[in-house]
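Below are the chains, spelled out letter by letter.
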Amino acid sequence: MKKQKDERNTRKEMVRDLIILGITLLVTAVLLVAFPDRRGPVIKTSWNFFLEMIQILPAVMVLLGLFAVFVPNEAVVRYLGKTSGIKGIFLAILLGTLPTGPLYVAFPIASALLKKGARISNIILFLSAWACIKIPQEMVELQFLGARFMLARLTLTVIFVVIMALAIEWIMRWSDGEREAESPA
Amino acid sequence: MSITAIIINLMALVSLLIAFIKDREKAKKSLKIAGKSFVRMFPMVLTIIFIIGLLLGFVPPSQISRFIGEQSGIGGVLLIGTLGAIMHIPALLSFPLAASLLEGGASVTAVAAFITTLTMIGIVTLPLEIKELGRKMALLRNGLSFIIAIIIALIMGAIL
């Protein structure tokens, strides 16, 4: 049932993306006809970016596919549900970096973890790592923006995400404590 | 081919080889998923590539840098950060787009803010996040993510 629904959604999204592509192509064609002097630069730029993309995209997709099959989401939940402390922080980030689909896939996993009693900070870390420190993502960043940019952003992101995760946990606990104090039994 | 591309392809090839040795069926399934995701993503890749072409071909660098360049200040960073938070494109595609903005005169700060908010914040998926994690946690995560994205971007601009 669920699989059928997923496939239907995928097809719907595909049609939407194709329509957007069609519109973009149309706009590009009209602009290039109207401004012939821009044809050279536009086509050359697009072609160069296309070449850069096509050199890495198949490989990135193969890695994504391998991870999806060999490290299923259930394994992630199983590991993260029962760890805490520094080890929990590392594990949350590490599991988040595995290439396993877009962020909205992670919300139900995070919700399951929350119900299993995982620390709030670990869940935030996991979500943030999932969102922005995925391994294939870093590879594409390396390809297009260079090692200095990628490493600097990665380091800063890890530092600030840890701070944010602890802050959110603190705020959640503090406001929950407040509410309990306000409503005496 | 760039060194990065060669390394990534080698990595994929070696991983695939190991996968085939370990479990033929699973490896085949992985390839099928890879093929499907590739086809699934391809229209968007082409769209982004044409947009990049138009962006660099038609918008003069002076305009890009006026809005999100060095001299645009914190306003430009907030502008592109907000844009990144609203836009809903796969993170993989944000990097070529970011590279094209950089080429077109955007500042490192602006580009870092754009990538970071684009990947970390999802206005489009916020309702789903609220449903799964509760209003408070979802809003805190997205709100604080925006703030740290701007801080990360400002530091990036200062050190690079």
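Since we're looking at a predicted model, the values are computed, not measured.

1. A look at helix α3 (residues 61-68) of chain B
All names here are of chain B.
- Among the residues of α3, I64, S65 and I68 are the ones counted as buried. Buried residues in α3, looked at end-on, bunch into an arc of 90 degrees, giving them a common side.
- Where α3 is buried, its residues contact α2 (24-58), α4 (73-86), α5 (91-103) and α6 (108-120).

2. Here we look at the environment of W170 of chain A
- Turning to its location among the elements, W170 of chain A is positioned in helix α8 (residues 147-182).
- The spacing of W170 of chain A and V158 of chain A is twelve residues in sequence and 18 Å in space, taken between C-alpha atoms.

3. Here we look at the UniProt feature "transmembrane region" (unreviewed entry) in chain B
Residues and elements named next belong to chain B.
- Per the UniProt record, "transmembrane region" (unreviewed entry) is annotated on residues 5-21, 41-60, 72-93, 105-126 and 138-159.
- The straight-line gap between the two end C-alpha atoms of residues 5-21 is 24 Å; of that span, 100% is helix and 0% is strand.
- Helix makes up 64% of residues 105-126 and strand 0%, whereas the separation of the span's terminal C-alpha atoms amounts to 32 Å.

4. Some points on the pattern of salt bridges
Residues and elements named next belong to chain A.
- Enumeration over the complete set of coordinates arrives at ten salt bridges over all chains.
- The partner of R153 in a salt bridge is E141, with the nearest N and O atoms 2.8 Å apart. Taken as a pair, R153 in helix α8 and E141 in helix α7 (residues 135-145) lie far apart in primary sequence, twelve residues in all. Note on accessibility: R153 and E141 belong to one class, buried.

5. Digging into the packing of helix α2 (residues 39-70) of chain A against α7 of chain A
Residues and elements named next belong to chain A.
- Their axes nearest at 10 Å, the elements α2 and α7 cross at an angle of 160 degrees. The angle between α2 and α7 falls in the class roughly antiparallel. For the pair α2 and α7, the sense of crossing is right-handed. Along the contact surface, α2 presents F49, E52, M53, Q55, I56, V60, L63 and L64, while α7 presents P136, M139, V140, Q143 and F144.

6. Quick notes on the side chain of T125 of chain B
- Inspection of the secondary structure assignment puts T125 of chain B in the loop between α6 and α7 (126-133).
- A relative accessible area of 12% places T125 of chain B in the buried class.
- Setting aside residues no more than four positions away along its own chain, T125 of chain B makes contact with Y104 and F107 of chain A together with H88 of chain B.

7. A look at the domain arrangement of chain B
Residues and elements named next belong to chain B.
- You can read the domains of chain B as domain 1 (1-58) and domain 2 (60-159).
- Placing a centre on the C-alpha atoms of domain 1 and another on those of domain 2 gives a separation of 25 Å.
- Listed as interface residues are eight residues of domain 1 and, on the opposing side, 13 residues of domain 2.
- For the pair domain 1 and domain 2, the summed buried area comes to about 890 Å², and 88% of that belongs to carbon and sulfur atoms.
- Interface area lost by domain 1 to domain 2 is led by M41, I48 and L56, which between them contribute 47%.
- Our count for the contact surface shared by domain 1 and domain 2 stands at zero salt bridges.
- Applying the counting rule to domain 1 against domain 2 returns zero residue pairs in polar contact (both at pLDDT 80 or more).
- For the side of domain 1 that touches domain 2, the class distribution of residues is eight nonpolar, no polar and no charged.

Reading the values: rules and limits
- Counting from 1, residues in each chain are numbered in the order their sequence is written.
- Chain labels run from A onward and ligand labels from 1 onward, assigned in the order the entries are written.
- A pLDDT threshold of at least 70 governs which residues receive local features in this predicted model, and a stricter bar of 80 or more applies before side-chain atom pairs are shown or counted, although totals over entire chains, interfaces and linings include all residues.
- The basis for the side-chain values is all heavy atoms of the structure; hydrogens and waters are excluded.
- Accessibility here uses a 1.4 Å probe with only protein chains present; expressed as a share of the type maximum, an area under 20% marks a residue as buried, one over 50% as exposed, and anything in between as partly exposed.
- The helix count covers DSSP runs of H or I at least four residues long, the strand count covers runs of E at least two residues long, and both are numbered beginning at the N terminus.
- What the arc covers is the set of directions going from the helix axis to the C-beta atoms.
- For this analysis, residues touch if any pair of their heavy atoms sits within 4.5 Å.
- UniProt positions are given in the numbering used here, feature names are shortened, and annotations may be inferred rather than shown by experiment.
- The working definition used for a salt bridge is a side-chain nitrogen of Lys or Arg within 4 Å of a carboxyl oxygen of Asp or Glu.
- Every axis corresponds to a line fitted to the C-alpha atoms, with the helix fit spanning only the stretch in contact, and the corresponding angles, defined between N-to-C directions, vary from 0 to 180 degrees.
- Angular relationships are summarised with four words: roughly parallel below 35 degrees, roughly antiparallel beyond 145, roughly perpendicular across 65 to 115, and oblique for the angles in between.
- Left-handed describes a crossing in which the near helix is turned anticlockwise from the far one by less than a right angle; the clockwise case is right-handed.
- Boundaries of every domain are those given by an automatic assignment or by a domain database.
- The term buried area means the drop in 1.4 Å probe accessible area that two parts suffer when joined, counted for both and summed.
- Polar contacts, as used here, are pairs of N or O atoms within 3.5 Å; protein pairs need one atom able to donate a hydrogen and one able to accept it. Residues neighboring in sequence count only if both atoms are side-chain atoms.
- Gly counts as polar in this scheme, as do all residues outside two lists: the nonpolar Ala, Val, Leu, Ile, Met, Phe, Trp, Tyr, Cys and Pro, and the charged Asp, Glu, Lys and Arg.

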